[in-house]
Amino acid sequence: MSISTKRRTLLKGTMGMGSVGLAAAAGLLTPQAVLAAWNEAAFKSKSIDSAIGGAAAHSDKIKIKAPDIAENGAVVPVTITSDISGTESISILAEKNSTPLAAEFILGAGAESTVSTRIKMGKTGAVVGVVKAGGKLYANRKEVKVTIGGCGG
Amino acid sequence: MAKKSIKIRAKEKGGVVTFKALMTHPMETGMRKNKKTGKMYPAHFIQEVTVTSAGKTVMTAYWGGSVSKNPYLSFKYAGKKGDAINLTWKDNTGASDSADSKVK
């Protein structure tokens, strides 16, 4: 665990370099002209509210299927189902990641409001599912315990 | 990109197609350090995945670096057997790949 703790500290230190340096580095690595639709600001933002563009109302109609304990934080299977009518998009966020937004799914023609994928989680925290329906944001969360790097437990 | 980096499986049951796909991609966040050189691995992850079926876009996914390596994607949509499916992804280096399949 001590190695991973150090790693976290290091990550925090690097992130603290300042947003200017970070943005410049990101600009070099990301050819935004090609990918205009990809919301860079949202994927780079460090808080949930700014990543999804506003505060979301809690809703039990969003169901999050994720393990209670994830042995490997690099691969956490997550399924999000929304029972909210008129669901337009589903976003998956990992609360404790340095950039919480993991994925955003825009539902197309005939798509049901269920998506599954696998995400990385830096440490124990909540997986947040955010649903956009009728211009409003709804969210639900589920705690996932992460035991990093097969420490065993 | 290497051939067959995308695996698609789509099955229809009762008018609903269950779509599953696996892509081969390192999905580097840009925040991981190479222990030998002390340098950061550059970010390299899929940003956009588009799935079309029978000429219609059924799913657009925008991803960040927090999606796991060799990403998995699954969802359901209304469709029928024999529909053509295409999955295309683009990553942050501008590379892209696509694969075609059919609903079974």
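Residues numbered from 1 in each chain as written. Chains lettered and ligands numbered in written order. Predicted model: local features only at pLDDT ≥ 70, side-chain atom pairs only at ≥ 80, totals over all residues. Heavy atoms only, no water.

S.K.: Go over the packing of aromatic side chains, please, and point to the residues and values.
M.R.: The way to describe two aromatic rings as a pair is by their centre distance and the angle between their planes. Residues and elements named next belong to chain B. A complete count under the given rule lists 2 aromatic pairs over all chains for this structure. Centre to centre, the rings of phenylalanine 75 and tyrosine 77 are 6.0 Å apart; their planes meet at 40°, and the pair counts as tilted. The same class applies to phenylalanine 75 and to tyrosine 77, which are both buried. An aromatic cluster is built from Phe19, Phe75 and Tyr77, whose rings are joined through pairwise contacts. (Phe/Tyr/Trp six-rings, centres within 6.5 Å; stacked < 30°, edge-to-face > 60°. Buried < 20%, exposed > 50% of the residue type's maximum accessible area, 1.4 Å probe, protein only.)

S.K.: Run through the environment of glycine 110 of chain A, naming residues and quoting values.
M.R.: Within the element layout of this structure, glycine 110 of chain A appears in the loop between β6 (101–107) and β7 (111–119). When its relative accessible area of 43% is taken as the criterion, glycine 110 of chain A is described as partly exposed. Apart from residues no more than four positions distant in its own chain, glycine 110 of chain A is found in contact with Tyr77 and Ala78 of chain B. (Helix = DSSP H or I, 4+ residues; strand = E, 2+ residues; numbered from the N terminus. Contact = heavy atoms within 4.5 Å.)

S.K.: Quick rundown of the environment of glycine 73 of chain A? Include the residues and the values.
M.R.: Residue and element names in this part refer to chain A. Here glycine 73 is to be found in the loop between β3 (69–70) and β4 (76–82). Here the alpha-carbon distance between glycine 73 and lysine 145, two residues 72 residues apart in the chain, equals 8.9 Å. The residues contacting glycine 73, other than those within four sequence positions of it, are Ile119, Lys120, Met121 and Val146.

S.K.: Could you give an account of the interface of chain A and chain B, with specific residues and numbers?
M.R.: Taken together, the 38 residues of chain A in the interface contact 39 residues of chain B. Here chain A packs against chain B, burying approximately 3,000 Å² in sum over the two surfaces, 57% of which is carbon and sulfur. Viewed at the interface, chain B and chain A are joined by 0 salt bridges. Between chain A and chain B we count 16 residue pairs in polar contact (both at pLDDT 80 or more) in total. Elements with a minimum of two residues in the side of chain A that touches chain B: α1 (2–15), β6 and β7 of chain A. Top element by residues in the side of chain A that touches chain B is β7 of chain A. It accounts for 8 residues. When its residues are assigned to classes, the side of chain A that touches chain B shows 23 nonpolar, 11 polar and 4 charged. In this sheet, strand β4 (residues 56–63) of chain B lies alongside β6 of chain A in antiparallel orientation, the contact comprising 5 bridges. Residue alanine 103 of chain A lies in a different strand from β4 of chain B, and its bridge partner there is tryptophan 63 of chain B. (Buried area = accessible area lost by both parts, 1.4 Å probe. Salt bridge = Lys/Arg side-chain N within 4 Å of Asp/Glu carboxyl O. Polar contact = N/O pair within 3.5 Å; in protein donor to acceptor, adjacent residues only side chain to side chain. Nonpolar A, V, L, I, M, F, W, Y, C, P; charged D, E, K, R; others polar. Pairing = 2+ DSSP bridges.)

S.K.: Quick rundown of the confidence of the model for chain A? Include the residues and the values.
M.R.: Residue and element names in this part refer to chain A. Mean pLDDT over chain A stands at 73; residues scoring 70 or higher make up 72%. The secondary structure element of chain A with the lowest average pLDDT is helix α2 (residues 19–29), at 41, and the one with the highest is β4, at 90. Long-range and interchain partners of residues 13–36, a stretch whose pLDDT sits below 50, account for 27 contacts in this model, where long-range means more than four residues apart. Within the model, the stretch residues 149–153 combines pLDDT values under 50 with 3 contacts to residues more than four positions away or in other chains. (pLDDT = per-residue confidence, 0-100.)

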